[in-house]
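Fold and contact review
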Amino acid sequence: YEGEVTEITPEERASSGYGKVLNFVVVGLKTVKGTKQLKLDPTIYDSILKEKVQVGDVIYIEANSGSVKRVGRCDAYATEFDLEAEEYVPLPKGDVHKKKEIVQDITLHDLDSANARPQGGQDIMSVMGQMMKQKKTEITEKLRVEVNKVVNRYIDQGVAELVPGVLFVDEVHMLDIECFTYLNRALESSLAPIVVFATNRGMCDIRGTDMASPHGVPVDLLDRLVIIRTLPYTPQEIVQILALRAQVEQIEIEEGALSFLSDLGNESSLRHAVQLLTPSQVISATKDRTKVEKDDIEEANLLFSDAKRSAKVLQEQSDKYIV
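Here goes a summary of the coordinates provided. No experiment lies behind these values; they were computed from the predicted model shown.

A short note on the side chain of Thr31
Relative to the elements of secondary structure, Thr31 occurs in the loop between β2 (20–30) and β3 (35–40). Of note is the side chain of Thr31, whose polar atom sits 2.6 Å from the backbone oxygen of Gly94.

This is the structure we're talking about:
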């Protein structure tokens, strides 16, 4: 419902005590095409008061949720004052009661949560209105199945459109066989998201079994995947990445120091080279310098070992550690 407010009349009734209770509120709305009187619930009157609506304002009332939005002051009152901070809008055209197409993005979890505490209507707008009322409720498998049926029906009717999400699972070799079994089944659903797995393992055992498999992922799940070919970073790419990282961290570094740090990253790992930036800056600051130089990085590299160097030390001095 949209129009200029012509009337706001709260109707009260006597309560069992000494005071009165608001029974309903009558709101008159006017457009170019006609006028209409609405009998509204007391809760909507609270929204009207919150929006500071008065006669002469143009408002919009959402029929499903009951939310009230003050659009502005009707331009018929534009000459009422010489100067004011009010925003004037034209009198709405058409009928007071309008049908508008509203596109709203909601997730399947939002629908599950809303339907776990059913109240009000069963249409999609009522479901979205229920999301505002937070309450802990268990979401069962049966509920998920019913919600999926409704969503699939909406998609078939053209009422809704499915936009698949993206699930990124890093260190996927850490998942056990039960997790892989669940993922295998979940990926068969038409509502399944795009799943991206990441791992740095080669041949290793699947957790929870004695079976070895590429990347620690079961072979039947690997058959469903498109495996992206990756290559190590080139020295030029490492220099670019380190320069960008230094810029983000607001670290000034000399060209020679950046080239030396790139060589370290090529020998050990890019992650280790990135982590040496901050200690190098601290060492440079203790020497009253604003720019990181090559000797600062050399000193930081002596203080902090990368994984390969640390493993070599452990292997050479294994008799000095407790097993």
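Still more ground to cover, so stick around.
Considerations on unusual backbone geometry
The general pattern is negative phi for most residues beyond glycine and trans for most peptide bonds. Phi is positive for Lys52, close to 55°, though the residue is something other than glycine. Its location among the elements puts Lys52 in the loop between α1 (42–50) and β4 (57–61). The phi dihedral of Gln250 is positive, around 60°, even though this residue is not glycine. Mapped onto the elements of the fold, Gln250 is located in the loop between α7 (235–248) and β11 (252–253).

Considerations on helix α12 (residues 307–316)
Little of α12 sits out of view: just 0 of its 10 residues are buried. One side-chain oxygen of the residue at the start of α12 lies 3.0 Å from the amide nitrogen of Lys308, identifying that residue as Asp306.

Describing the pattern of salt bridges
Overall, the coordinates contain 13 salt bridges when judged by the stated rule. Residues Glu146 and Lys149 are paired through a salt bridge, measuring 3.7 Å at the closest nitrogen-oxygen approach. Separated by 3 residues within a single helix, Glu146 and Lys149 lie in helix α4 (residues 141–157), roughly one turn from each other. When its relative accessible area of 40% is taken as the criterion, Glu146 is described as partly exposed. In this structure, Asp296 engages Arg289 in a salt bridge whose closest nitrogen and oxygen atoms are separated by 2.5 Å. Exposure remark for Arg289: the relative accessible area of 23% places this residue in the partly exposed category. Among the charged side chains, a salt-bridge network with shared partners connects Lys287, Arg289, Glu293, Asp295, Asp296 and Glu299.

Things to note about the sheet that holds β2
Within the open sheet, the 6 strands sit side by side as β3-β2-β1-β4-β5-β6. Their pairing is mixed. Where the open sheet ends on each side, the last strands, each with one partner, are β3 and β6 (88–89). Bridge analysis of strand β1 (residues 2–14) against β4 gives 3 bridges, and the strand direction is antiparallel. Paired with Glu4 across the two strands is Val58, which belongs to β4.

The rules behind these values
Residues numbered from 1 in each chain as written. Predicted model: local features only at pLDDT ≥ 70, side-chain atom pairs only at ≥ 80, totals over all residues. Heavy atoms only, no water. Helix = DSSP H or I, 4+ residues; strand = E, 2+ residues; numbered from the N terminus. Polar contact = N/O pair within 3.5 Å; in protein donor to acceptor, adjacent residues only side chain to side chain. Buried < 20%, exposed > 50% of the residue type's maximum accessible area, 1.4 Å probe, protein only. Salt bridge = Lys/Arg side-chain N within 4 Å of Asp/Glu carboxyl O. Pairing = 2+ DSSP bridges.

Honestly, it's all geometry; don't read function into it.
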